[in-house]
Amino acid sequence: MTLPAADHLVIFGITGDLAKKMTFPSLYNLEKRGILTTPILGVAFDDWTLDQLSDYAHTSIETVEGSVDKKTFDSLIARFSYVHGDFKDPTLYSTLAEKLAGSKSATFYLEIPPGLFVDVAKQLAAAKLLEGNARVVFEKPFGTSLSSAEALNNELHAIMREEQIFRIDHYMGKQPVQDIIYARFANTLLQKVWNGEDVECILITMAEDFGVADRGSFYDAVGTMRDVVQNHLMQVIALVGMEAPVDTLTQPRIDLFETIPSVDPESVVRGQYDGYLDVKGVAADSTTETFVALKLQIDSIRWGGVPVYIRAGKEMPVTATEVVVRLKGQTGVFLGKERMGKLYEDIILRIGADSGVSMTMQVKAPEDDSVEPVRLDVSFKSSLGYVPLPYETLLSDAMAGNGSLFPDQQTEVETWRIVQPILDKPQPVHGYKPGTWGPQKAHDMVEHHGGWPEPTCPDVPGK
Ligand code: BG6
């Protein structure tokens, strides 16, 4: 889906936490790179002056970027105006309509609670602000279950065309995530082995070495499955498994999801770290998971049922996100005088902060004739230099009208369909100690494939 470039950017929730952490630093970098071209209108409930908003933006950028270039900051702020009001009040939208008079392709970015998505979209439509090529960018989460995501799709389609809907998944804005496609298809070595015949299994880890902190009440209603698996990790699986995209990612992604059966609840392990129940906002008897491990399989011609294991959790030993494509490797053949045992080879796509690619390579052990694995590591930070922030990419794509990185309606339905049985039949939750890799059962599930690899972060000393 493509639309013409936007003529305005309107941000609902500009005084919020996400704006502080992500939006202002991303806009600042876009300004610095000369990519911003439109006026920006901030909208929020707070009765702030433009000076107050400017101070807020300055603090945000300084915190994330470390310093603020005055010229860039001044030209960014010169684009801004600010309107405050109640998102449910029609007079707010009359004010917006006046400010946007003549606009044919505004981008409305809703970084607001999801419960307000439909209300705001309806008000925008009623004020005739969604005509032409206007588009609306929705923050996550998009629904909380298969039926609620379908209902949300239907409600939005009653107001606007699918091509006007941009659903954000910030993982798709990450360069190392987008790089999965390039690593796979632009490298003969990887392309040749990327199939069910050569691959033993795919192991995806998303580990965070911190807990839910001050997000207790949000997290307790959500859990790891909804927070990061249905969205971020399913998008990663799409890129790992899909056929080569020719134009946009949209259709190859849907085609891949359609070959993944819904998860069998028996192939799921849920965990909760000790101490979670003491977090502010968490119910005293909560059974919400802070860790999940599960097995999926891809039944496409390319993959022929290869298993995909996911583990994601809070309070893990490290913070690291990686995809390990484990090759079947050599088994039981003679090399020199030695018969080799089962030798797995791992291709590791590191898609977290320490992004890059690693591979295990079997070499001769120095002391005898046996085989020993060593690691080849490439760090994107040292090899590629500046990498745009996820929201830089996503906001500029939405403004440019390029929807390829944004999950479409069917992708939402498919990803919820795949995880829904886990939500319908939650497995018992097992406790685990902070700083460990979750319940033992999560280890047992991949033991026969050589076990979970320990994520290593070559760029982060000591990890
Ligand atoms: C968010 C989740 O969507 O993604 C958080 O709500 C999680 O719980 C975060 O920590 C992880 O994002 P990143 O970019 O830090 O890997």
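Residues numbered from 1 in each chain as written. Predicted model: local features only at pLDDT ≥ 70, side-chain atom pairs only at ≥ 80, totals over all residues. Heavy atoms only, no water.

## As for the side chain of T205
And then number 1: Along the chain, T205 turns up in strand β7 (residues 199-207).
And then number 2: Within the structure, the side chain of T205 is placed 2.9 Å from the side chain of R311, a separation counted as a polar contact.
And then number 3: For T205, the contacting residues outside a window of four places in its chain are R311, A320, T321, E322, W437, W452 and P455. (Helix = DSSP H or I, 4+ residues; strand = E, 2+ residues; numbered from the N terminus. Polar contact = N/O pair within 3.5 Å; in protein donor to acceptor, adjacent residues only side chain to side chain. Contact = heavy atoms within 4.5 Å.)

## Things to note about the nonpolar core
In a soluble, globular protein the nonpolar side chains are often hidden away together inside.
And then number 1: Of all hydrophobic cores here, the largest spans 117 residues; its most connected members are F12, F108, L294 and L296.
And then number 2: When residues in this core are grouped by element, the largest group, ten residues, is from helix α10 (residues 223-241).
And then number 3: Composition of this core by domain shows at least three residues from each of domain 1 (8-139) and domain 2 (172-449).
And then number 4: Apart from residues lying up to four places away in sequence, F12 is in contact with V43, F87, L92, Y93, L96, F108, Y109, L110, E111, I112, V120 and L124. (Core = buried A, V, L, I, M, F, W, Y, C linked by side-chain atoms within 4.5 Å. Buried < 20%, exposed > 50% of the residue type's maximum accessible area, 1.4 Å probe, protein only. Domains from an automatic or database assignment.)

## What to know about unusual backbone geometry
With glycine set apart, most residues show a phi of negative sign, and most peptide bonds adopt trans.
And then number 1: Omega for the bond connecting K140 with P141 falls within 30 degrees of zero, at 0°, which places this linkage in the cis form.
And then number 2: Tracing the sequence through the fold places P141 in the loop between β5 (135-138) and α6 (146-157).
And then number 3: A positive phi angle is found at K128, which is not glycine, with a value near 60°.
And then number 4: Structurally, K128 is set in the loop between α5 (117-126) and β5.

## A short note on the layout of surface pockets
And then number 1: As a volume, the second largest pocket reaches approximately 390 Å³.
And then number 2: What lines the second largest pocket is a set of 24 residues, among which Q178, D179, Y182, L249 and L405 lie closest to the centre.
And then number 3: Contributions of two or more residues to the lining of the second largest pocket are made by α7 (175-185), α12 (380-384) and α13 (390-400).
And then number 4: Top element by residues in the lining of the second largest pocket is α7. It accounts for six residues.
And then number 5: Residues of the lining of the second largest pocket, tallied by class, amount to 13 nonpolar, eight polar and three charged. (1 Å grid on protein atoms, 1.4 Å probe; cavity = no way out; pocket = protein on both sides within 12 Å on 5 of 7 lines; lining within 4 Å. Points joined across faces, edges and corners; volume = space filled by probe spheres on them. Nonpolar A, V, L, I, M, F, W, Y, C, P; charged D, E, K, R; others polar.)

## Description of the site of the ligand
And then number 1: The immediate surroundings of the ligand are formed by K140, H170, Y171, K174, M206, E208, R215, D227, H232 and K314.
And then number 2: In isolation the ligand has 400 Å² of accessible area, and contact with the protein removes 75% of it.
And then number 3: Residues that form the shell around the ligand fall into these classes: two nonpolar, two polar and six charged. (Near = heavy atom within 4 Å. Areas by Shrake-Rupley, 256 points an atom, 1.4 Å probe, with all protein chains shown as cover.)

## Focus on the pattern of salt bridges
And then number 1: Scanning all chains against the criterion turns up 18 salt bridges.
And then number 2: Residue R79 pairs with E31 through a salt bridge whose shortest N-O separation is 2.6 Å. Taken together, the positions of R79 in the loop between α3 (70-78) and β3 (80-84) and E31 in helix α1 (residues 17-32) put the pair 48 residues apart, joining distant regions of the chain. Accessibility classification places R79 together with E31 in one group, the buried group. (Salt bridge = Lys/Arg side-chain N within 4 Å of Asp/Glu carboxyl O.)

## What about α6?
And then number 1: For α6, which comprises twelve residues, the first-to-last C-alpha distance of 17 Å matches the rise-based estimate of 16 Å (1.5 Å per residue) to within 8%.
And then number 2: Restricting attention to buried positions, one finds in α6 the residues L146, A149, L152, N153 and L156. Along the long axis of α6, the arc covered by the buried residues comes to 130°, so they all point the same way. Away from its buried face by more than 90 degrees, α6 exposes S147 and N154.
And then number 3: Each element contacted by the buried residues of α6 is listed here: α5, β5, β6 (165-167) and α14 (409-424). (Expected span 1.5 Å × (residues − 1). Arc of directions from axis to C-beta.)

## Concerning empty space enclosed by the protein
Sizing a probe to match a water molecule and rolling it over the atoms shows the empty space that remains.
And then number 1: Applying the stated rule across the entire model yields three cavities of 30 Å³ or more.
And then number 2: The calculated volume of the largest cavity comes to roughly 110 Å³.
And then number 3: Along its surface, the largest cavity is lined by 16 residues, and K140, F142, I168, N231 and E412 are the ones closest to its centre.
And then number 4: Elements that contribute at least two residues to the lining of the largest cavity include exactly α10 and α14.

## A closer look at the sheet that holds strand β15 (residues 356-364)
And then number 1: A sheet is described by the order of its strands in space; here nine strands give the open sequence β16-β15-β14-β11-β7-β10-β9-β8-β17, paired in mixed fashion. Each edge of the open sheet is held by one strand with a lone partner, namely β16 (371-379) and β17 (429-432). Mean inter-strand twist for the sheet, computed between neighbouring axes without regard to direction, equals 25°.
And then number 2: As paired elements, β7 and strand β11 (residues 320-330) share eight bridges and run antiparallel to each other. The residue bridging T205 from the neighbouring strand is E322, located in β11. (Pairing = 2+ DSSP bridges. Axes fitted to C-alpha atoms, helices over the stretch in contact; angles between N-to-C directions.)

## Considering the sheet that holds strand β2 (residues 40-44)
And then number 1: Strand order in the open sheet formed by six strands is β3-β2-β1-β4-β5-β6, with parallel pairing between adjacent strands. At either end of the open sheet lies a strand with only one pairing partner, and these are β3 and β6. Within the sheet, the average angular offset between the axes of one strand and its neighbour, ignoring direction, is 20°.

## A look at the packing of helix α4 (residues 90-99) against α5
And then number 1: With their axes 9 Å apart at the nearest point, α4 and α5 run at an angle of 50° to one another. Classed by the angle they form, the pair α4 and α5 counts as oblique. The hand of the α4/α5 crossing is right-handed. On α5, the residues that touch P90, Y93 and L96 of α4 are V120, Q123 and L124. (Parallel < 35°, antiparallel > 145°, perpendicular 65-115°, else oblique. Left-handed = near helix turned anticlockwise from the far one by under 90°.)

## Section: the domain arrangement of the protein chain
And then number 1: As assigned here, the protein chain comprises domain 1 (8-139) and domain 2 (172-449).
And then number 2: A separation of 33 Å is found between the C-alpha centroids of domain 1 and domain 2.
And then number 3: With 19 residues of domain 1 in contact, the opposing surface of domain 2 contributes eleven residues.
And then number 4: Each partner contributes to the roughly 1200 Å² buried at the junction of domain 1 and domain 2, and carbon and sulfur atoms together form 72% of this total.
And then number 5: Considering only the side of domain 1, the residues that lose the most area to domain 2 are S26, R33 and R135, jointly responsible for 32% of the buried surface there.
And then number 6: Where domain 1 meets domain 2, there are one salt bridge.
And then number 7: A salt bridge links E392 to R33; its shortest N-O distance comes to 2.7 Å.
And then number 8: In this structure, the connection of domain 1 to domain 2 is made through five residue pairs in polar contact (both at pLDDT 80 or more).
And then number 9: Residue assignment for the side of domain 1 that touches domain 2 shows that the elements contributing at least two residues are α1, β4 (106-110) and β5.
And then number 10: For the side of domain 1 that touches domain 2, the element with the highest residue contribution is α1, accounting for eight residues.
And then number 11: Of the residues in the side of domain 1 that touches domain 2, the class split is ten nonpolar, five polar and four charged. (Buried area = accessible area lost by both parts, 1.4 Å probe.)

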